[in-house]
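What follows is each chain in one-letter form.
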Amino acid sequence: MRHLLSIEDLDRPGIERILDRAKSFTEVSEREVKKVPALRGRRVLNLFYEASTRTRSSFELAAKTLSAEVINFVSSGSSVEKGESLKDTVQTLSAYRPDLIVVRTPHVGAAELVARWSAAAVVNAGDGKHEHPTQALLDVYTLRERLGALDGLNIWIVGDVMHSRVARSNILAFTMLGARVTVCGPPTLIPRGMEALGCAIRYTLDELDEADVVYALRMQKERMTESFVPSLREYAALYQIDGRRLGARQVLMHPGPVNRGVELVAEVIDSPQAMIGQQVAAGVVVRMAVLYELLAGSSGRAGIQSRLVTA
Amino acid sequence: MNPARPRVGQGAEPLVQREQPVADLLLRGAHVVDPRAGIDARHDVLVRAGMVAELGDPGSLEAPDGAEVLEGEGRHLFPGFVDPHVHLRVPGQEHKEDLDSGTRAAASGGFVAIVAMPNTDPVVDDATVLRSLREAARREARIPVGFLASITRGLAGEALTPMAELSDAGALGFTDDGRPVHRAAILRKALQYQRLCGGVLALHEEDPSLSGAGVMHEGEVSARLGLAGIPSISESTMIARDAAIAGYEGGRIHIQHLSARESVAAVAEAKARGVERSGDEREARGRISAEVSPHHLTLTHEAILRAPNAQAGEAGRGGGSGLDTRLKVNPPLRSHDDRRALLDGLRDGTIDCIATDHAPHAREEKEVPFEEAPMGTTGLETCFAAVYTELVVPGVLPLGLVVEKLSAGAALMGLTPPRIAIGRPAAMCLVDLASEWQVGEAGYESRAENCCFAGRTLRGRVLATLAAGAVVYRDRAFALAPA
């Protein structure tokens, strides 16, 4: 694997290899000196065209823990504001010879374009509503830690599926690891043709108790003005996960940031079923494993050698 | 189109082109396929002073002194193609295409006449713009070009253009192509005014409240990619609306670039209703016509998906990796089922002609993320070869039908369709059906390279085109036999 642009770049053994390596990295965070030299001398470029808190900081922390050099590029204050195209920006920054680019953009397929225009390995940290593969990997990691294998699990993804890149990557990753996925939300927020991703579709939470895992998505306030839902109140009445709806044996996840009182209420956020904090913590080790896989894993090493040979 | 509706003035000549020396040549032994003339056999064709002078059995005709001989043995001769839907981008967007490059691309694709759309900058919405455009075409166009003017000023959908004056200045008809005429009352007034000025109303059918911010067909692929979809009903509901208005006013409309099964059904229903109402089938069927593009006939939304497990950079030229912006077109490439309905519609006559909707864009405009890219693909250079390779070779459509549909747009625009018949001006193309070529490998005649078939190997190469009596294109590799 040269890039991680989509969950489809991985197969089940590939995912499991990354998760196993992530597990082995947990020990690093417990050391007094939280650093290993695995990627010493390598350059990681964070290229963020969208606001991000946890994704960017966890990629940065992951890279630094592996001793890589990190350059952060955020679109505000950059030449992007002067109208520089994505291609020109990527080619300009590629002159700094990054070994790996982490890219987030509001546009579907932009990470793939970056991969086409740069010699660096590329990790998609979110491309529009398309995919966010490292989020899916850290969610799978979190679930595996809690429940063991995902085989046979019933996972419900609840909320604004239409506008969610997390939903798309997670449906693919969960089903690849043997889980059954149901997406549930207002019919206006479940795109036509969604079942082609291999998930079932429900418009009510009536059968939520069949779920082993409830994965709530962020409900953005602007969806209201576009008439996707008549009001947040109505949305909450129908789809909010609260203490009555969440069973004691069910596990609750959320990609963050949470809209308290909309998709989730405080009582479930703070409940023992909630794994939101574990998801954030998993972000660092899983992203370490992804960086390691691409820059020092077997295919990564081969890539370096071939570059040396051609140089 | 309708003899009961004379134009206000005498009107200008419908098509313009630069002056070119008329041809004197003998096309020897090509297989002539002209369904309109009832020919499907090998012939010698003698062109003298730009007119078809003689047709004879292979080997029966002699080239007069000074005439060239084109060897047609093993090749096919078709009546030249006519495209009622081309964007030449002049005036104002010459970085995408110009009159010379656009008509050169057309000639190389076997076209002998094309009709240019008015969504330029400025819009062709008044007679001075149209007159200067036609003047420019008289200097630069390599093949005859006709122009449509816009239905509304500035394509804003608010106020009618001076349609009668535009008609006198040479507009073949009217269209707001690129946009729908959103307000039913405006379309109705244009149809009423049509009684005065004649000319077809060519309609881009899309309900913007349904298509919204959509960038591709709404279906499994858009759901998978997280891209906003354009539902089929955004097209078909507008066709139904406009057919009803046109029926009420007794107007003549042409539906551009059909893409969806529901749209084919809407056109079929409108045609059937018209026949019921008037009793005169020919007349009624002529009141609503429809076109389909080569890309909608041959491609589906699945082409936009990334090939599974393909890593960026590994894919060869012309794609393989997903979200190729050359496949971003409006209306969008739809499903296999829609494509089947379009093919059925072409076979049963619901769809009258093939039109490319040639829409050139500059490289930097298309080298952006999919959602940001402008819509459109070029089509003139690949039209015949794409349809021949994808539909005729596998036996989906007969060659004769394709040849007929590739020039049927002429009559819909009020033009005389080309025919290979004695006494008619030479408007034909010589094609080698066995010749394979890779799209884009040798560059393009068009200024633009946003071709949805880029990288594909196609069969069928146009070797020479004669338009308005002149040789307007010769393939570089096509050696002339000695006279």
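Residues numbered from 1 in each chain as written. Chains lettered and ligands numbered in written order. Predicted model: local features only at pLDDT ≥ 70, side-chain atom pairs only at ≥ 80, totals over all residues.

## Focus: the overall build of chain A
And step 1. Secondary structure summary: chain A contains eleven helices and nine strands in total.
And step 2. Here the C-alpha radius of gyration of chain A, 20 Å, is about what a compact globule of 311 residues would show, namely 19 Å.
And step 3. Overall, the C-alpha framework of chain A stretches about 60 × 45 × 35 Å when taken along its three principal axes.
And step 4. Counting over 311 residues, chain A shows a buried share of 48%.
And step 5. For chain A, contacts bridging at least 24 residues in sequence account for 72% of all contacts bridging at least 6. (Helix = DSSP H or I, 4+ residues; strand = E, 2+ residues; numbered from the N terminus. Rg over C-alpha atoms; globule rule 2.2 N^0.38 Å. Buried ≥ 20, exposed ≤ 12 C-beta atoms within 10 Å, placed from the backbone. Contact = placed C-beta atoms within 7 Å.)

## Structural notes on the overall build of chain B
And step 1. In terms of regular secondary structure, chain B is built from 15 helices and 18 strands.
And step 2. On C-alpha atoms alone, chain B measures out to a radius of gyration of 22 Å, which is about the 23 Å that the 2.2 N^0.38 rule sets for 483 residues.
And step 3. Projected onto its principal axes, the C-alpha positions of chain B cover 65 × 60 × 40 Å.
And step 4. Every one of the 483 residues in chain B was classed for burial, and the buried ones make up 59%.
And step 5. Considering only intrachain contacts with a sequence separation of at least 6, the fraction spanning at least 24 residues in chain B is 77%.

## Focus on the pairing of strand S17 (residues 457-467) of chain B
Residues and elements named next belong to chain B.
And step 1. Of all eleven residues making up S17, nine are buried, and the element is well covered by its neighbours.
And step 2. As paired strands, strand S16 (residues 428-438) and S17 are joined by eight bridges and run antiparallel to one another. Its bridge partner being in S17, Leu430 is matched across the sheet by Ala464.
And step 3. Where S17 and strand S18 (residues 470-474) come together, four bridges link them in antiparallel fashion. Bridge pairing in S18 links Ala467 to Ala470. (Pairing = 2+ DSSP bridges.)

## Re helix H13 (residues 383-392) of chain B
Residue and element names in this part refer to chain B.
And step 1. Judged by how many residues are buried, H13 sits mostly within the fold: nine of ten residues are covered.
And step 2. Among the residues of H13, Cys383, Phe384, Ala385, Ala386, Val387, Tyr388, Thr389, Leu391 and Val392 are the ones counted as buried.
And step 3. In the core, the buried residues of H13 are packed alongside strand S6 (81-86), helix H10 (294-298), strand S15 (353-354), helix H14 (399-405), S16 and S17.

## Topic: the sheet that holds strand S7 (residues 200-202) of chain A
Residues and elements named next belong to chain A.
And step 1. Strand order in this open sheet of five strands is S7-S6-S5-S8-S9, and the pairing throughout is parallel. Pairing within the sheet leaves two strands with one partner each, and these edge strands are S7 and strand S9 (251-253). For this sheet, the mean inter-axis angle between neighbouring strands, taken without regard to orientation, is 25 degrees.
And step 2. With three bridges connecting them, strand S8 (residues 213-216) and S9 associate as parallel partners. Counterpart to Val214 in the pairing with S9 is Leu252. (Axes fitted to C-alpha atoms, helices over the stretch in contact; angles between N-to-C directions.)

## Looking at the nonpolar core
And step 1. Phe111(B), Ile143(B), Phe147(B), Val387(B), Leu466(B) and Ala467(B) are the most contacted members of the largest nonpolar core, which has 142 residues in total.
And step 2. Of the residues forming this core, the biggest block, eight residues, is contributed by H13(B).
And step 3. Sequence-distant contacts of Ala467(B), defined by excluding residues within four places in its chain, comprise Gly80(B), Ala107(B), Val112(B), Ala113(B), Ile143(B), Pro144(B), Ala427(B) and Val472(B).
And step 4. With 99 residues, the next largest nonpolar core counts Ile157(A), Val158(A), Met194(A) and Tyr239(A) among its residues. (Core = buried A, V, L, I, M, F, W, Y, C linked by C-beta atoms within 7 Å.)

## A closer look at the environment of Glu94(B)
Residue and element names in this part refer to chain B.
And step 1. If you trace the backbone, Glu94 turns up in the loop between S6 and helix H1 (99-108).
And step 2. With 15 C-beta atoms packed within 10 Å, Glu94 lands in the partly exposed category.
And step 3. For the pair Glu94 and His361, spaced 267 residues apart in sequence, the C-alpha separation works out to 9.9 Å.

## Topic: the packing of helix H5 (residues 133-147) of chain A against helix H10 (residues 276-295) of chain A
Residues and elements named next belong to chain A.
And step 1. At a closest axis distance of 8 Å, the pairing of H5 and H10 adopts a crossing angle of 115 degrees. Seen along the crossing, H5 lies across H10 with a hand that is right-handed. Packed against H5, whose contacting residues are Thr134, Leu137, Leu138, Asp139, Tyr141 and Thr142, the element H10 presents Gln278, Gln279, Ala282, Gly283, Val286, Arg287 and Val290 at the interface.
And step 2. Considered class by class, the residues forming the contact of H5 with H10 number six nonpolar, five polar and two charged. (Left-handed = near helix turned anticlockwise from the far one by under 90°. Nonpolar A, V, L, I, M, F, W, Y, C, P; charged D, E, K, R; others polar.)

## So, the pairing of S18(B)
The two faces of a sheet get side chains in turn, since along a regular strand they alternate between them.
And step 1. Counting buried residues along S18(B), four of its five residues qualify, which places the element largely inside the surrounding structure.
And step 2. A loop of two residues connects S17(B) with S18(B), the two strands running antiparallel in sequence, and Ala468(B) in this loop sits at a positive phi of about 50 degrees.

## Regarding the interface of chain B and chain A
By convention, interface size is frequently given as the accessible area that disappears when the constituent parts associate.
And step 1. Listed per partner, the contact involves 25 residues of chain B and 27 residues of chain A.
And step 2. With five residues, helix H6 (residues 220-225) of chain B is the largest single contributor of residues to the side of chain B that touches chain A.

## Details of the domain arrangement of chain A
Residue and element names in this part refer to chain A.
And step 1. Per the domain assignment, the segments of chain A are domain 1 (7-131 + 283-310) and domain 2 (133-279).
And step 2. Between the C-alpha centres of domain 1 and domain 2 there is a distance of 26 Å.
And step 3. Facing 20 residues of domain 1, the contacting portion of domain 2 comprises 19 residues.
And step 4. Secondary structure elements with two or more residues in the side of domain 1 that touches domain 2: helix H1 (12-29), strand S4 (121-127) and H10.
And step 5. In terms of residue count, H1 provides more of the side of domain 1 that touches domain 2 than any other element does, five residues in total.
And step 6. In the side of domain 1 that touches domain 2, the residues fall into nine nonpolar, five polar and six charged. (Domains from an automatic or database assignment.)

## Digging into the sheet that holds strand S14 (residues 288-292) of chain B
And step 1. Taken together, eight strands build an open sheet; the order of strands is S6-S7-S8-S9-S10-S13-S14-S15 (chain B) and the sheet is parallel. Whereas interior strands pair on both sides, the edge strands pair on one side only; in this sheet they are S6 and S15 of chain B.

## Thoughts on unusual backbone geometry
And step 1. Cis geometry is found at the peptide bond from Val90(B) to Pro91(B), where omega equals 5 degrees.
And step 2. Here Pro91(B) shows up in the loop between S6 and H1.
And step 3. Non-glycine residue Ser67(A) carries a positive phi angle of around 70 degrees.
And step 4. The backbone phi angle of Asp357(B) is positive, close to 55 degrees, even though this residue is not glycine.
And step 5. The residue Asp357(B) is located in the loop between S15 and helix H12 (363-366) in this model.

## As for the confidence of the model for chain B
All names here are of chain B.
And step 1. With 92% of its residues at a pLDDT of 70 or more, chain B shows a mean pLDDT of 93.
And step 2. Low confidence marks residues 309-320, where pLDDT is under 50. Its contacts with residues over four positions away, or in another chain, come to 26 contacts.
And step 3. For this predicted complex, the interface confidence reaches an ipTM of 0.92, while the overall pTM sits at 0.93. (pLDDT = per-residue confidence, 0-100.)

## Let's talk about the packing of H1(A) against H5(A)
Residue and element names in this part refer to chain A.
And step 1. At a minimum axis separation of 10 Å, H1 and H5 run at an interaxial angle of 65 degrees. The angle between H1 and H5 places the two elements in the roughly perpendicular class. Judged by the sense of rotation from one axis to the other, the crossing of H1 with H5 is right-handed. Only Leu137, Val140, Tyr141 and Arg144 of H5 make contact with H1, whose side of the interface consists of Ile15, Ile18, Leu19 and Ala22. (Parallel < 35°, antiparallel > 145°, perpendicular 65-115°, else oblique.)

## Some remarks on the environment of Ala116(B)
Residues and elements named next belong to chain B.
And step 1. Relative to the assigned elements, Ala116 resides in strand S7 (residues 111-116).
And step 2. Ala116 gets classed as buried once you count the C-beta atoms within 10 Å, which come to 28.
And step 3. Sequence separation between Ala116 and Val86 is 30 residues, and the spatial gap between their C-alpha atoms is 4.8 Å.

## What to know about the environment of His358(B)
Residue and element names in this part refer to chain B.
And step 1. Along the chain, His358 falls in the loop between S15 and H12.
And step 2. In this structure the C-alpha to C-alpha distance between His358 and Val86, which are 272 residues apart in sequence, comes to 4.9 Å.
And step 3. If near-sequence neighbours (up to four positions away) are discounted, His358 is found in contact with Val86, His87, Thr378, Gly379 and Leu380.

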